[in-house]
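Structural characterization, general
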Amino acid sequence: NMTDIPVNIPVKTLSISNFITEDEMSLIRNTLQGLSSEQKITSLCDPALFMNLSDVHTQKEVLDQMAAQIKKTVSLPDDFMDRVLSREKLGSTEFDNGIAIPHPLDTSKIPDFLAISKLKEPVVWNKKEVSLVFLLSASSAANSSWFMDHISKVIQSNAAVQALVSAKDYHSFM
C-alpha cells in the first residue's frame, strides 16, 4: 500500500507493502490470472445467455428452451440441437453436484458461447438430477480446454456449486 489513506473505489484493488514480499507477488500473480479468467468467461457468456428456467421437466425441454433463448443472440445452424443430442448419446454430460455440460459434437459454423441455466427444480438428465446446465460451444481448442479446466475445478467443489446454484442473476453468478 503506497499510501496510508484508505482508497474506496468501485473496482477490485490489491494492497501490497512498499517492499513486495514473495507472498504478495504470488497474490498479484493469482489475482491477474483470476482477472484473466473472469474476462474470458464474460466474453463467452453474454448476460442474455443466462437463464432461470422454471417450467422444464426433461433434459430435452431444458435444451429446447436454452436453444430458443440462445438463437435470439447467437446464430445457430438448423441442426444445432441434433449435434448436441448426438453428443449426449455417446455419453452423458451430467456430473455429480447437479451439473450438466452439454455441447455439440461438431462445432463447425457455430460461434463460441457459453449459456447457463439455473433450473428452479432439478431435472433427471440421464441418471442424475441436474440443477445447473452449462451449454457450451467451443470451436477453438483453446476455449474448450480453458473452459473444461475451470469447470472441472468447480465441479469438484461442493461450496462453489452451491454458490453458483444460489446466485440470483447473471452478475451475482459471475
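Before reading further, recall that the structure is shown in the block above.
Structural notes, computed from the coordinates.

Rules and cut-offs
Residues numbered from 1 in each chain as written. Predicted model: local features only at pLDDT ≥ 70, side-chain atom pairs only at ≥ 80, totals over all residues. Heavy atoms only, no water. Buried < 20%, exposed > 50% of the residue type's maximum accessible area, 1.4 Å probe, protein only. Helix = DSSP H or I, 4+ residues; strand = E, 2+ residues; numbered from the N terminus. Pairing = 2+ DSSP bridges. Axes fitted to C-alpha atoms, helices over the stretch in contact; angles between N-to-C directions. Left-handed = near helix turned anticlockwise from the far one by under 90°. Contact = heavy atoms within 4.5 Å. Nonpolar A, V, L, I, M, F, W, Y, C, P; charged D, E, K, R; others polar. Core = buried A, V, L, I, M, F, W, Y, C linked by side-chain atoms within 4.5 Å. Arc of directions from axis to C-beta. Salt bridge = Lys/Arg side-chain N within 4 Å of Asp/Glu carboxyl O.

When you tally the buried positions in strand β5 (residues 129-137), you get seven out of nine residues, the bulk of the element. Note: strand β3 (residues 99-100) against β5, two bridges, orientation parallel. Residue pairing for β5: I99 is matched across the bridge by L132. Alignment of strand β4 (residues 113-124) against β5, held across eight bridges, turns out to be antiparallel.

Glancing now at the packing of helix α2 (residues 59-70) against helix α3 (residues 80-90). Viewed as axis vectors pointing N to C, α2 and α3 meet at an angle of 145°, and their least axial separation amounts to 11 Å. Between α2 and α3 the crossing geometry is right-handed. Within the contact between the two elements, α2 uses Q59, K60, L63, D64 and A67 and α3 uses M81, V84, L85 and E88. Partitioned by chemical class, the residues of the contact of α2 with α3 number five nonpolar, one polar and three charged.

Let us now look at the nonpolar core. Core analysis: the largest hydrophobic core is formed by 24 residues, its most contacted members being V62, M66, I70 and F113. For this core, the secondary-structure elements that each account for two or more residues are β1 (50-53), α2, α3, β4 and β5. Here the element with the most residues in this core is α2; it accounts for five residues. In this structure, L114, I116, F147 and I151 belong to the second largest nonpolar core, which totals 11 residues.

This part covers α3. Three or more residues of α3 are buried, namely F80, M81, R83, V84, R87 and E88. All buried residues of α3 project into a common sector of 160° when viewed along the axis, lining one side. Across from the buried face of α3, at angles greater than 90 degrees, the exposed residues are D82, K89 and L90. On its buried face, α3 is in contact with α2, β4 and β5.

Attention shifts here to the pattern of salt bridges. By the definition in use, this model includes three salt bridges. With its nearest N and O atoms 3.1 Å apart, the salt bridge here joins R83 to D79. Residue D79 is classed as partly exposed on the basis of its relative accessible area, which comes to 32%. For the salt bridge of D106 with R83, the shortest nitrogen-to-oxygen distance reads 4.0 Å. Residue D106 is located in the loop between β3 and β4, and its partner R83 is located in helix α3; the two are separated by 23 residues in the primary sequence.

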